[in-house]
Amino acid sequence: MYENSEVKPADLLDELQKILSQTVYEVHRAGDGSEEYQYLTEDDVCITIQNPYQDKKLYIDLTEEFTLTYSGFHCHYEPELTEYQELLSDVQGILNNEICSAVLYYIDQGKRWLGSTGSSKAELSQPVKDIFYFVYKQAEFRKKLKEYGGKAEFCFWNPQEDFSIDIPKRL
């Protein structure tokens, strides 16, 4: 097991590539000509994992920190080995369909994002307000859900398990 020490995320690229060897992925760097990756700076790297089931990809950015993005879920990890281990666990959880992207919206002329998180299958038995506790703590967001209603969407790597929950408005 790793000790908790600082690392440079890009230095772990080779290790990540070995870990991801059973997936289809691409490595992108600054200046590779793709508009999607223009945000990358000189030493930054983005690993894009192709999803065999649908168009949604998983992104791992190696910048001054680690960043994991899948569907509406976006999470930052400090450049420390313990956080790197957490990132690896989350990536494996997503790829194994044990963790999904959970996104909460209110509905006002389309979906309006309120918050997102990664949720394990075990957590999905909880009420929506418990899964999105950090959103429900904000009075302004509770007011939007009450006034407009909302939707919680749960997106898995294999979309056969995707589902959503409508949140009715309360007058």
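Scroll up to find the structure.
The model shown is predicted, which means the values in this text are computed figures rather than measured ones.

> How would you summarise the sheet that holds strand β4 (residues 66-70) if you had to cite specific residues and measurements?
The five strands lie next to each other as β1-β2-β3-β4-β5, forming an open sheet whose pairing is antiparallel. Looking along the sheet, the strands with just one partner apiece sit at the ends: β1 (25-29) and β5 (73-77). Each strand of the sheet is rotated relative to its neighbour by a mean of 15°, with strand direction disregarded. Taken together, the five bridges between β1 and strand β2 (residues 45-49) define a ladder with antiparallel strand orientation. Counterpart to Arg29 in the pairing with β2 is Val45. Packing of helix α2 (residues 81-95) onto the sheet brings it into contact with β2, β3 (58-62), β4 and β5, and relative to β4 it is tilted by some 15°.

> Requested: an account of the side chain of Asn97, with residues and values cited.
Tracing the backbone through its elements, the reader meets Asn97 in the loop between α2 and β6 (99-107). Asn97 sits in the buried class, given a relative accessible area of 8%. Apart from residues no more than four positions distant in its own chain, Asn97 is found in contact with Lys121, Phe156, Trp157, Asn158 and Glu161.

> Quick rundown of the side chain of Thr67? Include the residues and the values.
Its place among the elements puts Thr67 in strand β4. The exposure class of Thr67 is buried, given its relative accessible area of 5%. One polar contact links Thr67 to His76, side chain to side chain, over a distance of 3.4 Å. Excluding its chain neighbours within four sequence positions, the residues that come into contact with Thr67 are Tyr59, Ile60, Asp61, His74, Cys75 and His76.

> Can you explain the pattern of salt bridges? Please cite residues and give values.
What the rule picks out here adds up to three salt bridges. Where Asp166 meets Lys151, a salt bridge forms, and the shortest distance between an N and an O atom there is 3.3 Å. Placement of the pair is Asp166 in strand β9 (residues 163-167) and Lys151 in strand β8 (residues 150-155), with a sequence separation of 15 residues. According to the relative accessible area criterion, Asp166 is exposed, its value standing at 55%.

> Let's hear about the state of the cysteines: which residues, and what values?
Counted according to the given criterion, the structure contains zero disulfides. In this structure Cys100 is a free cysteine whose sulfur lies 7.9 Å from that of Cys155, the closest cysteine sulfur available. A relative accessible area of 5% places Cys155 in the buried class.

> Account for the sheet that holds β8, with residues named and values stated.
Strand order in the open sheet made by the four strands is β7-β6-β8-β9, with antiparallel pairing throughout. Two strands close off the open sheet at either side, each with one partner strand: β7 (111-120) and β9. Recorded for the sheet is a direction-independent mean angle of 15° between the axes of neighbouring strands. In the sheet, β8 pairs with β9 via five bridges, with the strands oriented antiparallel. Considered in β9, the bridge of Ala152 is made with Ile165. Those strands touched by helix α5 (residues 139-148) are β6, β7, β8 and β9, and its axis lies near 70° from that of β6.

Definitions and limits used
Residues numbered from 1 in each chain as written. Predicted model: local features only at pLDDT ≥ 70, side-chain atom pairs only at ≥ 80, totals over all residues. Heavy atoms only, no water. Pairing = 2+ DSSP bridges. Helix = DSSP H or I, 4+ residues; strand = E, 2+ residues; numbered from the N terminus. Axes fitted to C-alpha atoms, helices over the stretch in contact; angles between N-to-C directions. Contact = heavy atoms within 4.5 Å. Buried < 20%, exposed > 50% of the residue type's maximum accessible area, 1.4 Å probe, protein only. Polar contact = N/O pair within 3.5 Å; in protein donor to acceptor, adjacent residues only side chain to side chain. Salt bridge = Lys/Arg side-chain N within 4 Å of Asp/Glu carboxyl O. Disulfide = S-S within 2.5 Å.

By themselves, these figures tell us nothing about what the structure is for.
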